[in-house]
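# Structural description and commentary
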Amino acid sequence: MEQRCRYVVRGAAKNGIITYKCPTADWALRKLRDFKTADRQDITVTDPDGTPLSEAELIGLVDGSGAAPSDEAIPAAPLIARQPASI
């Protein structure tokens, strides 16, 4: 039985086109970031209906899914010193 893929991430490498068929938005987001890290060119991501998605849209899908967001989707916040409240 063939598993239906939901998201497709495609990018150009020097020896051809690389395509990943991802079952979840989180997986597609990780592959998109892998492609960017590897300096792939002409990267595209499409949803199950074939509609192109941006990285921001994928992050929104992952964060809004009720699943635990990946560490990469949450920007690091600077540590702040806490002061006792003045009354």
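The preceding data block contains the structure.
Residues numbered from 1 in each chain as written. Predicted model: local features only at pLDDT ≥ 70, side-chain atom pairs only at ≥ 80, totals over all residues. Heavy atoms only, no water.

### Some thoughts on the packing of aromatic side chains
Enumeration according to the criterion identifies one aromatic pair in this entry. Above the plane of the ring of Tyr-20 lies Lys-31, whose end atom (NZ or CZ) is 4.4 Å from the centre. (Phe/Tyr/Trp six-rings, centres within 6.5 Å; stacked < 30°, edge-to-face > 60°. Lys NZ or Arg CZ within 6 Å of the ring centre and 35° of its normal.)

### A closer look at the sheet that holds strand E2 (residues 16-22)
Strand order in the open sheet formed by three strands is E2-E1-E3, and the pairing between neighbours is antiparallel. Each end of this open sheet is capped by a strand with a single partner; those strands are E2 and strand E3 (41-46). For this sheet, the mean inter-axis angle between neighbouring strands, taken without regard to orientation, is 10°. Both strand E1 (residues 7-13) and E2 contribute to a ladder of seven bridges, which runs antiparallel. Counterpart to Gly-11 in the pairing with E2 is Ile-18. On the sheet, helix H1 (residues 25-37) packs against E1, E2 and E3 and is oriented at approximately 10° with respect to E1. (Pairing = 2+ DSSP bridges. Helix = DSSP H or I, 4+ residues; strand = E, 2+ residues; numbered from the N terminus. Axes fitted to C-alpha atoms, helices over the stretch in contact; angles between N-to-C directions. Contact = heavy atoms within 4.5 Å.)

### Thoughts on the side chain of Lys-31
With respect to the helices, strands and loops of the structure, Lys-31 is situated in helix H1. Owing to a relative accessible area of 17%, Lys-31 belongs among the buried residues under this scheme. Each residue touching Lys-31, except ones within four places of it in the same chain, is listed here: Val-9, Tyr-20 and Cys-22. (Buried < 20%, exposed > 50% of the residue type's maximum accessible area, 1.4 Å probe, protein only.)

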